Amino acid sequence: MRRKPVEQLVAEAGRGSDGNQLRRTLTMWQLTMISIGATLGTGIFVVLGEAVPKAGPAVTISFVIAGLTALFSALSYAELAGTIPASGSSYSYAYATLGELVAWVCGLCLMLEYGVSVAAVAVGWGEYLNELLDGTIGVTIPAVLSAPPGEGGLFNLPALLVVLLAMAFLLGGARESARVNTIMVVVKVASLLLFCAVAFTGVKAGNYEPFLPLGLAGVSAAGASLFFSYIGFDAASTAGEEAKNPQRDLPRAIMLSLLIVTVLYVAVAAVAVGATPWQDFEGSEAALAGVLRDVTGHGFWAVVLAAGAVIAIASVVLAVLYGQTRILFAMSRDGLVPKVFSKVNPRTGTPRANTVLVAAFCGTLAAAVPLGQLADATSIGTLFAFALVNVAVIVLRRTRPDMPRGFRVPLAPLVPAIGLAMCVWMMTSLPVITWIVFGGWMAAGLVFYFLYGQRRSRLADADAGASTPHDPEK
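Residues numbered from 1 in each chain as written. Predicted model: local features only at pLDDT ≥ 70, side-chain atom pairs only at ≥ 80, totals over all residues. Heavy atoms only, no water.

Q: Before we go on, may I ask you to explain the overall build of the protein in this structure?
A: From N to C terminus, the protein includes 19 helices and zero strands. Here the protein has a C-alpha radius of gyration of 22 Å; the compact-globule value for 474 residues is 23 Å, and the two agree. Counting only C-alpha atoms and orienting by the principal axes, one finds that the protein spans roughly 90 × 45 × 40 Å. Counting contacts in the protein only where the partners sit at least 6 residues apart, residues at least 24 apart contribute 84% of the total. Entry remark: accessible area of the protein is about 17,400 Å², with carbon and sulfur atoms responsible for 67%. (Helix = DSSP H or I, 4+ residues; strand = E, 2+ residues; numbered from the N terminus. Rg over C-alpha atoms; globule rule 2.2 N^0.38 Å. Contact = heavy atoms within 4.5 Å. Areas by Shrake-Rupley, 256 points an atom, 1.4 Å probe, with all protein chains shown as cover.)

Q: What's the story with unusual backbone geometry in this structure? I'm lost.
A: For residues other than glycine, phi is negative in most cases, and the peptide bonds are mostly trans. Geometrically, the link from E209 to P210 is a cis peptide bond, its omega value of -10 degrees lying close to zero. Structurally, P210 is set in the loop between helix 10 (174–199) and helix 11 (215–226). The omega torsion of the bond from A412 to P413 falls at 5 degrees, within 30 degrees of zero and hence cis. In this fold, P413 is placed in the loop between helix 16 (371–399) and helix 17 (414–428). We note that L411 has phi near 55 degrees; this positive angle belongs to a residue other than glycine. Mapped onto the elements, L411 comes out in the loop between helix 16 and helix 17. Given the relative accessible area of 64%, L411 is considered exposed. (Buried < 20%, exposed > 50% of the residue type's maximum accessible area, 1.4 Å probe, protein only.)

Q: Can you help me understand the side chain of S92 in this one?
A: Here S92 shows up in helix 6 (residues 90–97). For S92, the residues in contact, after removing those within four places along its chain, are L9, A86 and A330.

Q: Is there a simple way to explain the packing of aromatic side chains in this structure?
A: Describing an aromatic ring pair means giving the distance of the ring centres and the angle of the ring planes. The full count for this structure, using the stated rule, is 11 aromatic pairs. The interplanar angle of 55 degrees and the centroid separation of 5.7 Å between the aromatic rings of Y91 and Y95 together place this pair among those described as tilted. Residue Y91 and its partner Y95 are located together in helix 6, separated by four residues, close to a single helical turn. Judged by relative accessible area, which is 0%, Y91 ranks as buried. Given a relative accessible area of 1%, Y95 falls into the buried group. Centre to centre, the rings of W104 and F448 are 5.7 Å apart; their planes meet at 10 degrees, and the pair counts as stacked. Placement of the pair is W104 in helix 7 (residues 100–136) and F448 in helix 18 (residues 432–456), with a sequence separation of 344 residues. Among the residues examined, W104 registers a relative accessible area of 2% and is labelled buried. (Phe/Tyr/Trp six-rings, centres within 6.5 Å; stacked < 30°, edge-to-face > 60°.)

Q: Please explain helix 5 (residues 59–83) as it appears in this structure.
A: The end-to-end C-alpha separation of helix 5 is 36 Å, in line with the 36 Å expected for 25 residues at 1.5 Å each. Burial within helix 5 is extensive, with 21 of its 25 residues counted as buried. (Expected span 1.5 Å × (residues − 1).)

Q: Before we go on, may I ask you to explain the nonpolar core in this structure?
A: It is characteristic of soluble globular proteins that their nonpolar side chains tend to be buried jointly. Residues I44, F45, V59, F195 and L288 are the most contacted members of the largest nonpolar core, which totals 152 residues. It is helix 14 (residues 300–333) that contributes the most residues to this core, 20 residues altogether. (Core = buried A, V, L, I, M, F, W, Y, C linked by side-chain atoms within 4.5 Å.)

Q: Explanation requested: helix 9 (residues 157–171) in the structure shown.
A: Each full turn of the α-helix corresponds to 3.6 residues, which orients residues three or four apart in the same direction. Here helix 9 contains 15 residues, and its C-alpha end-to-end distance of 21 Å stays within 8% of the 21 Å for a straight helix at 1.5 Å per residue. Within helix 9, the full set of buried residues consists of P158, A159, L160, V162, V163, A166, M167, L170 and L171. The inward-facing, buried residues of helix 9 contact helix 7, helix 8 (143–146), helix 10, helix 14 and helix 15 (352–368). At the N-terminal end of helix 9, a side-chain oxygen is found 3.2 Å from the backbone nitrogen of A159, two or three residues along, and the residue is N156. Immediately downstream of helix 9, the backbone of G173 shows phi near 130 degrees, a positive value. (Polar contact = N/O pair within 3.5 Å; in protein donor to acceptor, adjacent residues only side chain to side chain.)

Q: What exactly am I supposed to notice about the packing of helix 12 (residues 246–275) against helix 13 (residues 287–296) here?
A: Direction vectors running N to C along helix 12 and helix 13 enclose 45 degrees, while the axes themselves pass 10 Å from each other. One finds that helix 12 runs oblique with respect to helix 13. Note that helix 12 runs across helix 13; the crossing there is left-handed. Between helix 12 and helix 13, the contacting residues are V268, A272 and A275 on the first element and L288, V291 and V295 on the second. Across the contact of helix 12 with helix 13, the residue classes tally to six nonpolar, no polar and no charged. (Axes fitted to C-alpha atoms, helices over the stretch in contact; angles between N-to-C directions. Parallel < 35°, antiparallel > 145°, perpendicular 65-115°, else oblique. Left-handed = near helix turned anticlockwise from the far one by under 90°. Nonpolar A, V, L, I, M, F, W, Y, C, P; charged D, E, K, R; others polar.)

Q: I keep staring at the packing of helix 9 against helix 15 and nothing clicks. Help me out?
A: Geometry of a packed helix pair, given as the angle between the helix axes and the separation of the axes. Following both chains from N to C, one finds helix 9 and helix 15 inclined at 170 degrees, their axes separated by 8 Å at the closest point. By the angle between their directions, the pair helix 9 and helix 15 is classed as roughly antiparallel. For the crossing formed where helix 9 meets helix 15, the hand is right-handed. Taking contact as the criterion, the partners of A159, L160, V163, M167, L170 and L171 in helix 9 are, on helix 15, R352, T355, V356, A359, C362, G363, T364 and A366. Grouping the constituent residues of the contact of helix 9 with helix 15 by class yields 10 nonpolar, three polar and one charged.

Q: I tried to follow the pattern of salt bridges on my own but got confused; where do I start?
A: Opposite charge on two side chains makes pairing possible when the charged atoms of those side chains draw close. Tallied over the entire structure, the rule returns seven salt bridges. Residues R400 and E7 are paired through a salt bridge, measuring 2.6 Å at the closest nitrogen-oxygen approach. Of the two residues, R400 is situated in the loop between helix 16 and helix 17 and E7 in helix 1 (residues 6–11); the sequence distance between them amounts to 393 residues. Residue E7 is classed as partly exposed on the basis of its relative accessible area, which comes to 45%. Across the pair R405 and E79 runs a salt bridge whose closest N-O atoms are separated by 3.0 Å. Of this pair, R405 sits in the loop between helix 16 and helix 17 while E79 sits in helix 5; the two residues are 326 residues apart in sequence, bridging distant segments of the chain. (Salt bridge = Lys/Arg side-chain N within 4 Å of Asp/Glu carboxyl O.)

See below:
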């Protein structure tokens, strides 16, 4: 239950276990682009095809519900990001407010949120790459090399390649990666706006009827799956130790990115189900490209969208992989995971070994596990972490009410309490198998903590040193 003082978290910002420093180079605009880059991608380009059969045309309501759930948690993230600008995101917030064990559990959830979602996003990237190749040169990557075991393949090579590509950019430095990400974000926003413009010409009022074919239960189930679409907005908070002015810029970047993403999601979903009967989305992983093909009667616009999606989804892999490395950086600096994750390369100012190890793990996962299982595992880890952030705001308001805050959640503790309740509600909408996987992940993580992290914790060492009587003769 030991807590890490907020002042210590802030004082250690940017410092690796080897004494080298991360570099503060990121502006508010770049932080917003990191957040949008991590959020806007597979959720709308791929997972939409899995959500529409659950909710029908009411999938637009599912996006709004998932967005509202994210909004309440985003307000809490904004307050804590401006108060505790640390790379660990909600892990660091929990460490300062709820204690080391809860922080470790939160860290496990973040590994699901970021590490597993990198793999899920990479799987979706391969689907659109095949769509692009088929529409341009008339060939596709064989299923044996573009699908995981259990879905007709042996190894998903495109998913592995996009993870390795993101790793190469990250090794060049945070500022350089942020510039590449910004270009990618502009391309994918333009792609989605293009989709809305073209697909709108095929909208038919009859496709919206019945609006709730599967009832409110279907809307809820789709909303839980679509929460995967919002997991990236907190990626800006993982850049707290590389932002130029984190107290001011992090809250703004989080809220602005969530607003932009929600508007785009609802617009794209509304046009998509209006242009194509909702029953036709079943089994479609490159759903938006299929809609454009049906509306226009030829493949040109589908190819254009596929090209945009290839760039768009690659930016999600880049931004989310960045977030995962920075969370492990913070956990390693605290001694809870091996020191190799917090060593900083003095030339590039990046955690090089950390980046390579995380990319190798995520790439392997992407190559071997189907998308649906990865998306649900990501959602439950994210919801649990968001729930803890809402609790952390309430606790810190009570324990440190006078602490300077760059942003304050309105109507606290009511708003954080609503955010907590919505996260719990959406977790209950996920399938039983997801809970079983989550329980197994938590159990394995707790075993690691009690065998390794609890004993290696730097905070534990500091407490032990403070409690040892001083002998002046030594």
